[in-house]
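# Structural characterization, general
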Amino acid sequence: MKNFFASISLLLILLTACTPREGARTDTVLGTVCSINAYEDGSPSLYDELFFRLHEIENRFSTKIPSSDISLVNEAAGKNSVVVHEDVFLVLQKALDFALMSDGVFDPTVGPLVNLWNINSETVSSDFHVIPSEEDVKTALSLVDFRDVVMEDGSVFLKRKGMALDLGGIAKGYAADEMVRILSEKGVKRAVINLGGNVYVYGKKSSGEPWRVGIKNPYAPYGEPIFTLALEESASVVTSGAYERSFKQNGIFYHHIIDTTTGYPCEVKCGSVTVVGKSSLESDALSTIAFILGREKFYEKEFSKTVPTVFVNADGTVLASEELLLY
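Residues numbered from 1 in each chain as written. Predicted model: local features only at pLDDT ≥ 70, side-chain atom pairs only at ≥ 80, totals over all residues. Heavy atoms only, no water.

## A short note on the overall build of the protein chain
Put simply, the rule reads: Strands are runs of DSSP state E lasting at least 2 residues, helices are runs of H or I lasting at least 4, and numbering of each runs from the N terminus. Throughout, radius of gyration means the C-alpha value; the globule benchmark is 2.2 Å times the number of residues raised to the power 0.38. Note on exposure labels: buried denotes an accessible area under 20% of the residue type's maximum, exposed denotes more than 50%, and partly exposed covers the range between, all computed with a 1.4 Å probe on protein chains only.
Looking only at helices and strands, the protein chain features ten helices and 15 strands. For 327 residues, the compact-globule formula gives about 20 Å, and the C-alpha radius of gyration of the protein chain, at 22 Å, lands near that figure. Expressed along its principal axes, the backbone C-alpha trace of the protein chain runs to roughly 85 × 50 × 40 Å. Taking all 327 residues of the protein chain together, 49% fall into the buried category.

## Comments concerning helix α8 (residues 280-293)
Selection rule: Expected span of a helix: the number of residues minus one, times 1.5 Å. Polar contact criterion, stated in full: a pair of N or O atoms within 3.5 Å, where within protein one must be able to donate a hydrogen and the other to accept it, and residues adjacent in sequence count only if both atoms are side-chain atoms.
Taking 1.5 Å as the rise per residue, α8 with 14 residues should run 20 Å; its terminal C-alpha atoms sit 20 Å apart, in good agreement. Most of α8 is tucked away: 13 of the 14 residues are buried. The residue sitting at the N-terminus of α8 and contributing the capping side-chain oxygen is Ser279; that oxygen lies 3.4 Å from the backbone nitrogen of Leu281. Looking at the residues trailing α8, positive phi occurs at Gly294, about 85°.

## Here's the deal with the packing of helix α2 (residues 44-61) against helix α4 (residues 86-101)
Going by this rule: Note on geometry: axes are C-alpha line fits, over the in-contact stretch for helices, and angles between N-to-C directions span 0 to 180 degrees. Orientation categories follow fixed angle ranges, with anything under 35 degrees roughly parallel, anything over 145 roughly antiparallel, 65 to 115 roughly perpendicular, and all other angles oblique. Contacts: residue pairs with any heavy atoms within 4.5 Å of one another. Lys, Arg, Asp and Glu make up the charged group, whereas Ala, Val, Leu, Ile, Met, Phe, Trp, Tyr, Cys and Pro make up the nonpolar group; the residues left over, Gly among them, are polar.
At a minimum axis separation of 10 Å, α2 and α4 run at an interaxial angle of 70°. Classified by the angle between their axes, α2 and α4 sit roughly perpendicular to one another. Contacts from Arg53, Arg60 and Phe61 of α2 reach α4 at Asp87, Val88 and Val91. A class-by-class count of the residues in the contact of α2 with α4 yields three nonpolar, no polar and three charged.

## Here's the deal with the confidence of the model for the protein chain
Spelled out, the test is: By definition, pLDDT measures how confident the predictor is in each residue, and it falls between 0 and 100.
The pLDDT averaged across the protein chain works out to 91; a share of 91% of its residues lies at or above 70. Predicted confidence is poor over residues 1-18, with pLDDT under 50, and the contacts of this stretch with residues over four places away or in other chains come to zero contacts.

## Brief notes about the layout of surface pockets
Stated formally: A pocket here means an open set of points on a 1 Å grid, computed over the protein atoms alone, that has protein on both sides within 12 Å along at least five of seven lines. A cavity is instead a set of points where a 1.4 Å probe fits but cannot get out; residues with an atom within 4 Å of a point line either one. Grid points are joined across faces, edges and corners, and a volume is the space filled by probe spheres set on the points.
What the second largest pocket holds in volume is close to 150 Å³. Lining the second largest pocket are Val105, Asp259, Thr260, Thr261, Cys266, Glu267, Lys269, Ile292, Leu293 and Lys297. Looking at side-chain class alone, the lining of the second largest pocket contains four nonpolar, two polar and four charged residues.

## Some remarks on the side chain of Ser236
Summarising the element assignment, Ser236 is placed in strand β10 (residues 235-241). Take Ser236: its relative accessible area is 0%, and that puts it in the buried class. Apart from the residues within four sequence positions on either side, Ser236 is in contact with Val199, Tyr200, Val275, Val276, Gly277, Ser279, Ser280 and Ser283.

## Brief notes about the side chain of Asp41
Positionally, Asp41 belongs in the loop between β2 (32-37) and α2. For Asp41, a relative accessible area of 18% puts it in the buried group. Within the local environment of Asp41, its side chain forms a polar contact with the backbone nitrogen of Lys189, the two atoms lying 2.9 Å apart. Leave out the neighbours within four places in its chain, and Asp41 touches Arg21, Leu46, Gly187, Val188 and Lys189.

## Considering the sheet that holds β2
This is how the line gets drawn: Two strands pair under a simple rule: DSSP has to find at least two bridges between them.
Across the sheet, which stays open at both edges, the eight strands sit in the order β1-β2-β6-β7-β10-β13-β14-β15 with antiparallel pairing between neighbours. The open sheet has two free edges, formed respectively by β1 (25-29) and β15 (318-320), since each of these has just one partner strand. Between one strand axis and the next, the sheet turns through 10° on average, direction left out of account. Along the sheet, α2 contacts β1, β2 and β6 (190-195); its crossing angle with β1, the most-contacted strand, is approximately 15°. Together, β2, β6 and β7 (198-203) form the strand contacts of helix α7 (residues 171-185), whose direction differs from that of β6 by roughly 160°.

## Some thoughts on the pairing of strand β5 (residues 155-158)
Bridge count for strand β3 (residues 82-83) against β5 is two bridges, and the pairing is antiparallel. The partner of Val82 across the bridge, within β5, is Val156. As defined by bridge partners, strand β4 (residues 149-152) adjoins β5 across four bridges and the pair is classed as antiparallel. Residue pairing in the sheet places Val150 in a bridge with Phe157 of β5. Two successive antiparallel strands, β4 and β5, enclose a turn made up of two residues, where Asp153 displays a positive phi of approximately 55°.

## Description of α4
Here is the rule we go by: Regarding the arc, it is the one traced by the directions from the helix axis to the C-beta atoms.
In this model, α4 (16 residues) spans 23 Å end to end at C-alpha, consistent with the 22 Å of a helix rising 1.5 Å per residue. When α4 is considered as a whole, its buried residues turn out to be Asp87, Val88, Val91, Leu92, Ala95, Leu96, Phe98 and Ala99. Each buried residue of α4 lies within a common arc of 160° when the element is viewed along its axis, so the set occupies one face. Relative to its buried face, α4 has exposed residues pointing more than 90 degrees away, namely Glu86 and Leu100. Where the residues of α4 are buried, they touch α2, α3 (69-75), β4, β5, α7 and α8. Directly beyond the C-terminal end of α4, a positive phi value near 60° is found at Asp103.

Encoded structure:
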């Protein structure tokens, strides 16, 4: 009997040892290049589940997919409500919460302006980009108001025709949080998630050393990091900046982060803002708000008092929250 159990134990060890592992997996989803490394727990089945979930989120939130929940809500604007998946209902409610607390600086109904400016590619060219007229900007801006979103019984209704949701400023954060949920449920010990700049370091490194996450230099994004975070435990790191999706035309700098008070790309008060936190969804929204407002006005807001940030100033200097310097 002892030999029987010894044989079973040996078989289990051999089966475990033979389970295939992938060092990491990368795929294009959510409109960007996404990479996940689950280290010793990175089995093909785990990566299949993680990336299936990412594609699922894309298919519900994308404004480029006609059958997505967001596209259907936008198509029905001013006509009727649309029942949406609980993913979309939850994230939209969070987005509206941020809109309320930021006085509309973050506004999920920014879709008409995003569509009008169409600065949604890292390769956007000033040679072919048409700058919208002042009248067109004014018309699109009149359709932006988070207060005109009605949510009830799992459905969403935009009150006026021409309104449009765009959750691009928060959906990747939600996706990163979903990756963490799955990793936790599967008992994964450590992982690094990178969803096109939304980075989440999960668990602890096997060496016991802190995770090191570099923040790009917005003035030399392909060079050395301008600042490196040392994170002892799981954390989300999200950076907002105007240096990737942008172009110059007639000496004027244009970028993809829209100011919902003017309808134009926001005034660039700094090179970039990085927010560190437990929730990537929250960090995603807060980094956008912080970039639009600038450091001084951001920290005047009550909700910002405990938000750890790294601001890269226009002169290349770095201002990091004290708690990030202590790691």
